[in-house]
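Residue-level structure breakdown
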Amino acid sequence: MSDNFITEIIDANLREGLPTIATRFPPEPNGFLHIGHAKSICLNFGLAKRYGGRCHLRFDDTNPLKEDTKYVDSIQQDVRWLGFDWGEHLYFASDWFDKMYAFAHRLIDAGLAYVDSQSVEVVREQRGGFGKDGVDSPFRNRTVAENKALFTQMREGKFSDGTHVLRAKIDMTHPNMLMRDPLLYRIRHATHHRTADDWCIYPMYDFAHCLEDAIEGITHSICTLEFESNRQLYDWVLDAIGGWAPRPRQYEFARLKLDYTVMSKRKLLRLVENNQVDGWDDPRLPTIAGMRRRGVTPEALRQFAELVGIAKNNTTVDIGKLEYCIRQDLETRTPRALAIIEPLPLEITNWPKERIEQITLPWRADDPSAGSRQVAFGRNLFIEADDFALDPPKGWRRLSVGREVRLMGAYLVTCTDVTTDAEGNVIGLKGQVDLKSQGGAAPDGRKVKGTLHWLSAPGSERAEVRLFDRLFSVASPEADPDVDFIEHLNPDSLIVQSKALIEKALLTVDSESRWQFIRQGYFVADRYDHGPDTPVFNRVIGLRDSWSQRPDQGRPERAKASTSKSAKKSMTKRKPADIRAAARQQDSGLALAYNRFVQEHGFTEEQADLLSADRAIADFIEEALSSGTAAASIASWAVNQLLVLHRQSSMSQRPMRGKQFGELVGLTDSNTISKSAAKSVLAEMARTGRDPTLLVDELGVGKAADPSALVGEAIDGLLLEYADETARYRAGERQLMGFFMGQAMRRLKGKADGQVVRTELLARLG
RNA sequence: UCGGGGAUCGUCUAAUGGCAGGACUGGAGACUCUGAAUCUCCCUAUCUAGGUUCGAAUCCUAGUCCCCGAACCA
């Protein structure tokens, strides 16, 4: 697995002393896994592998109404097929129901949870909305004893569904809707697929998931972006209970979206239930089971996950990338076989009727160790209907009347005659082979560009071939909210060719064995329907074809102009400027500071605004101003350097004093140190609170007595060491200046001005 | 309307103040007993506007656009 923002976090955690990592893949057993899950599986298991940690497979089975054992089986099968192993770490959320129940009691004891006894509708109503505060439930202040008694009775089955819930006591006016007293437990008299009727109350996701992680010792709980808001609640629950080691943390990445398909369980389910596809493992579906049946390999899927990468951008991956991974993987692993999808008879008129010649063809032309087999050649042959043209276009290399092509591994043939039916369709060809061209080589060395695959009547068998294509005919079937995605189904996503021909050797191959049908594509013997008497092959993916134009040659149709309601209204957030103004309104000290900054010290209004929104900063600046350094310099440095530090950790928490900051800025004003040197001094000063003059000495960044001599010397050395780059620069690669500047500045440790260095560099580079 | 995220080639993804890189797609060519594969070359990007800096995709400010969140779902 390559680096990404999560591996960076893990690297940092490990450096800080975390002994090992544990991740988990936590599907709910209520549907089949799809390629989006594959990305997550590769991430979680891949991380565990990379860092020598572990990855749990955990079924998040907290909702008995939706879940079923049949899904837990299929999910395990899919994960294993993808190539991952959870060892002994197979868990179910339901394994921890007892513990969770006990934790809920602890929350009640701490006064952090209460039993509410209102209807769903009322609870929803009270929650408020975005920008609209919620209101407290009348049951919010029940006593601990009351809550404990009620919750115990809930567990004992004294109440019917929907009469009571356990809620966290947080804040009904919280800006994050999830924090408005979220539900922790609800009553559900339902039989659970594992715990049967042991329970009639079940924990909600936000309460259960973080506890599952904590109980199992998960260190990095990785989920998709839509759970970002849930993180706050995740942390709340774990902190409220406390005492975790390791304490799990949640991180979110962007889930996979693909062109020309849909990924949500709901939409997939609709396709399955409406019989628009043939079950969850229909080869056109992006489900793992479907892709397996389609003939895609786990290696290709893992390679795809790797190529797509892990980030936080909301993106849609070009399905061509998946197709590339599939082709690349199959290219190296499949033997080459002959098959004709739409046969067109070709009679070799100069070949004796009874004569059959066994032609030896290698399974792979590039690898003799792959072996070979014999294919019968005779008078009555078939070629691919597409390989003949009545009226050949420019550049046509295939067959046409009067043209010569090679029948792969056999003979050169010239078409002499064509028969058509009443409608003008070609129904048969006649031709003559050059009998001296056995093996396919021209006796006189003449160039024959076209090479066709072929089969003879006695050397072939009928087979069913299923040609799959993209499920939807547009790139973003979900883009337009006014059009049902079903409307965009590609009518040609499945074409069954029952009169295809395969060479005899393919009759006995195993189900799920994969082949390249030469010049056609990659095919797999169907996992279920294929057998010696009923050969059935699925086309995994066609070969790349730079001759015939794909139907979607041009740019894929991207999302139509999104006219959804949510897109139209511009979401204006509370602006930082407003927050600062509000701070000054609340605190007259800040307002006064603002005025002083502008009137007494000549700050620009923008500078004054930025520096007077927070007491720690405003006071710090006032102190810096007392150092006697020019106010303009202080303002500029404060805005551009100090605020960043302040954001990382408040100035009030730092050992550095305002006076020291003022002095440092003064050192640059007086040209004692360069600005870049001052930045490194500032970093150190902010950390340790030591005096700037001291640090300048210690870090050795004071300006040299004769800077240009020092600079010249350094640059001469540089140009010698980087002769290549120097030559490239002189040849015109001016963007290398940044490289030279970087090297020079590093070497000079800030003893010189950037400006001087640049001038000298320019002079010497010519 | 409130809160949380995100904007880099057509697509996905790097660059953590110092040569905007890689992959897919697309284009051109070479080779070819698969119009495949392989090889070579090429096209194309830092959301906008200001600022700081010798130097900004990266830091500061303002703006624009996109995504997610108000199930007793996960």
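Quick caveat, the model's predicted, so the values are computed rather than measured.

Rules used throughout
One numbering rule holds for all chains: residues counted from 1, following each sequence as written. The lettering of chains begins at A and the numbering of ligands begins at 1, in the order of writing. The predicted origin of the model limits local features to residues at a pLDDT of at least 70 and limits the giving and counting of side-chain atom pairs to 80 or more, whereas totals for whole chains, interfaces and linings rest on all residues. Only hydrogens and water are removed before side-chain values are computed, so all heavy atoms of the structure are retained for them. The source of the domain bounds is an automatic or database domain assignment. Any two strands are treated as partners once DSSP identifies two or more bridges connecting them. Counting from the N terminus, the helices are DSSP H or I runs at least four residues long and the strands are E runs at least two residues long. Between N-to-C directions, angles cover 0 to 180 degrees, with each direction set by a line fitted to C-alpha atoms, over the stretch in contact for helices. For this description, a residue counts as near a given molecule or strand if any of its non-hydrogen atoms is within 4 Å of it. Polar contacts, as counted here, are pairs of nitrogen or oxygen atoms within 3.5 Å of one another; within protein the pair requires one atom able to donate a hydrogen and one able to accept it, and residues that are adjacent in sequence qualify only if both atoms are side-chain atoms. Each residue is assigned to one of three groups, with Ala, Val, Leu, Ile, Met, Phe, Trp, Tyr, Cys and Pro labelled nonpolar, Asp, Glu, Lys and Arg labelled charged, and all others, Gly among them, labelled polar. Whenever Lys or Arg places a side-chain nitrogen within 4 Å of a carboxyl oxygen from Asp or Glu, that contact is recorded as a salt bridge. With a 1.4 Å probe rolled over the protein chains alone, any residue whose accessible area is under 20% of its type maximum counts as buried; one over 50% counts as exposed, and the rest are partly exposed. A pocket here means an open set of points on a 1 Å grid, computed over the protein atoms alone, that has protein on both sides within 12 Å along at least five of seven lines. A cavity is instead a set of points where a 1.4 Å probe fits but cannot get out; residues with an atom within 4 Å of a point line either one. Grid points are joined across faces, edges and corners, and a volume is the space filled by probe spheres set on the points.

**Describing the domain arrangement of chain A**
Here chain A is described as being made up of domain 1 (97–205), domain 2 (265–333 + 464–558), domain 3 (336–458), domain 4 (574–690) and domain 5 (707–765). Centre-to-centre separation of domain 3 and domain 5, based on C-alpha positions: 67 Å.

**Considerations on the sheet that holds strand β5 (residues 165–168)**
One key point about sheets: their strands pair by backbone hydrogen bonds, in either a parallel or an antiparallel sense. Here we have 4 strands laid out as an open sheet, ordered β4-β5-β6-β7, and antiparallel in their pairing. Every interior strand has two partners, whereas the edge strands, β4 (113–116) and β7 (201–203), have only one. For this sheet, the mean inter-axis angle between neighbouring strands, taken without regard to orientation, is 20 degrees. The pairing of strand β6 (residues 183–187) with β7 spans 3 bridges and is classified as antiparallel.

**Observations concerning the protein's contact with RNA strand B**
Near RNA strand B lie 95 residues; those nearest to it are Glu8, Arg188, Arg336, Gly439 and Gln516. In RNA strand B, atoms within 4 Å of the protein come from the sugar-phosphate backbone in 57% of cases. One of the backbone nitrogen or oxygen atoms of Ile310 is found 3.4 Å away from a phosphate oxygen of RNA strand B. Within the backbone of Gln735, an N or O atom sits 3.5 Å from a sugar or linking oxygen of RNA strand B. Ranked by residue count, the leading element in the surface near RNA strand B is helix α24 (residues 737–748), at 5 residues. Here the residues of the surface near RNA strand B are counted per class, giving 32 nonpolar, 30 polar and 33 charged.

**With respect to the pattern of salt bridges**
For the structure on display, the rule yields 56 salt bridges. Taking the shortest distance from any N to any O, the salt bridge between Asp529 and Arg466 comes out at 2.9 Å. Remark: Arg466 occurs in strand β21 (residues 460–468) and Asp529 occurs in the loop between β24 (521–525) and β25 (536–542); sequence separation between them is 63 residues. The partly exposed category is assigned to Asp529, whose relative accessible area is 33%. According to the relative accessible area criterion, Arg466 is buried, its value standing at 14%.

**Considering empty space enclosed by the protein**
Applying the stated criterion to the full structure yields 2 cavities of 30 Å³ or more. Empty space within the second largest cavity amounts to approximately 40 Å³. As for the second largest cavity, its lining consists of Ile35, Ala38, Lys39, Leu256, Leu301, Phe304, Ala305 and Val308. Tallied by class, residues from the lining of the second largest cavity come to 7 nonpolar, no polar and 1 charged.

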